[in-house]
Amino acid sequence: QVQLVESGGGLVQAGESLRLSCIASRPVSSFNSMGWYRQAPGKQRELVAQIISGGRTNYADSVKGRFTISRDYAKTTLLLQMNSLKPEDTAVYYCNVDLKIGVFWGQGTQVTVSS
């Protein structure tokens, strides 16, 4: 088991930046993928960015060039740097870890971008 806690969300204006953090309850060294998803009101949850086992990263087309996913050396924190935010980035952002023992989610953090 692993618990995930997100933080860093908030209300910003278009063009500003936020950095989301996801802290795991224990180091995660072996995983299938780690990533960030988001869900806007009335929409399905969608992948924003992920790190695949081996280090390859994937990004949604809508955030390429603006968002950067990374993890710390201690393997307990997953980060999402979000630059040049747009109103359409408004959503609840969820941290996700896909391990051999199962898939785990955080509780989510709200990001609201005003125009």
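Throughout this document, residue positions are counted from 1 along each chain, in the order its sequence is written. Reporting of local features is limited, given that this is a predicted model, to residues whose pLDDT is at least 70; pairs of side-chain atoms are given and counted only at 80 or more, and all residues count toward the totals for whole chains, interfaces and linings. Values reported for side chains reflect all heavy atoms of the structure, with hydrogen atoms and water molecules removed beforehand.

Some remarks on the sheet that holds strand S8 (residues 77–82)
Hydrogen bonding along the main chain pairs the strands of a sheet, whether they run parallel or antiparallel.
And step 1. Two strands make a pair as long as DSSP finds a minimum of two bridges between them. For helices the rule is a DSSP run of H or I covering at least 4 residues; for strands it is a run of E covering at least 2, with both sets numbered from the N terminus onward. Reading across from one edge, S1-S3-S8-S7 is the order of the four strands in this open sheet, with antiparallel pairing throughout. Single-partner strands in this sheet number two, and they are strand S1 (4–7) and strand S7 (67–71). Averaged over all pairs of adjacent strands, the angle between their axes in this sheet comes to 15 degrees, without regard to strand direction.
And step 2. Of the pairings in the sheet, the one linking S7 to S8 comprises five bridges and is antiparallel in character. To get an axis, a line is fitted to the C-alpha atoms, and for a helix only the part in contact is used. The angle between two axes follows their N-to-C directions and goes from 0 to 180 degrees.

Concerning the state of the cysteines
And step 1. Any pair of cysteine sulfurs within 2.5 Å is marked as a disulfide. Summed over the entire model, instances satisfying the criterion amount to one disulfide.
And step 2. Put simply, Cys-22 and Cys-95 are joined by a disulfide, and their sulfur atoms are 2.1 Å apart. Residues Cys-22 and Cys-95 are joined through a disulfide that is left-handed, its torsion about the S-S bond being -80 degrees. Of this pair, Cys-22 sits in strand S3 (residues 18–24) while Cys-95 sits in strand S9 (residues 91–99), and the two are 73 residues apart along the sequence.
And step 3. To sort residues, take the accessible area from a 1.4 Å probe on protein chains only and compare it with the maximum for the residue type: under 20% means buried, over 50% means exposed, and anything in between is partly exposed. Residue classification places Cys-22 among the buried residues on the basis of a relative accessible area of 2%.

A closer look at the pairing of S3
And step 1. A large share of S3 lies buried, amounting to five of its seven residues.
And step 2. Pairing between S1 and S3: four bridges, direction antiparallel. Directly across from Glu-6, in S3, lies its bridge partner Cys-22.
And step 3. One ladder, built from six bridges, connects S3 with S8; its direction is antiparallel. Bridging from a neighbouring strand, Ser-21 pairs with Leu-79 of S8.

A few points about the nonpolar core
And step 1. Ranked by size, the top nonpolar core spans 31 residues in total, and within it Trp-36, Leu-80, Met-82 and Tyr-93 carry the most contacts.
And step 2. Listing elements by their share of this core, those giving two or more residues are S3, strand S4 (33–39), strand S5 (46–52), S7, S8, S9 and strand S11 (109–114).
And step 3. Here, two residues are considered to be in contact whenever any of their heavy atoms come within 4.5 Å of each other. Residue contacts for Leu-80: discarding those within four places in its chain leaves Leu-18, Arg-19, Leu-20, Trp-36, Val-48, Ala-49, Phe-67, Thr-68, Ile-69 and Tyr-93. Residues belong to a common nonpolar core when they are buried Ala, Val, Leu, Ile, Met, Phe, Trp, Tyr or Cys residues joined through side-chain atoms within 4.5 Å.

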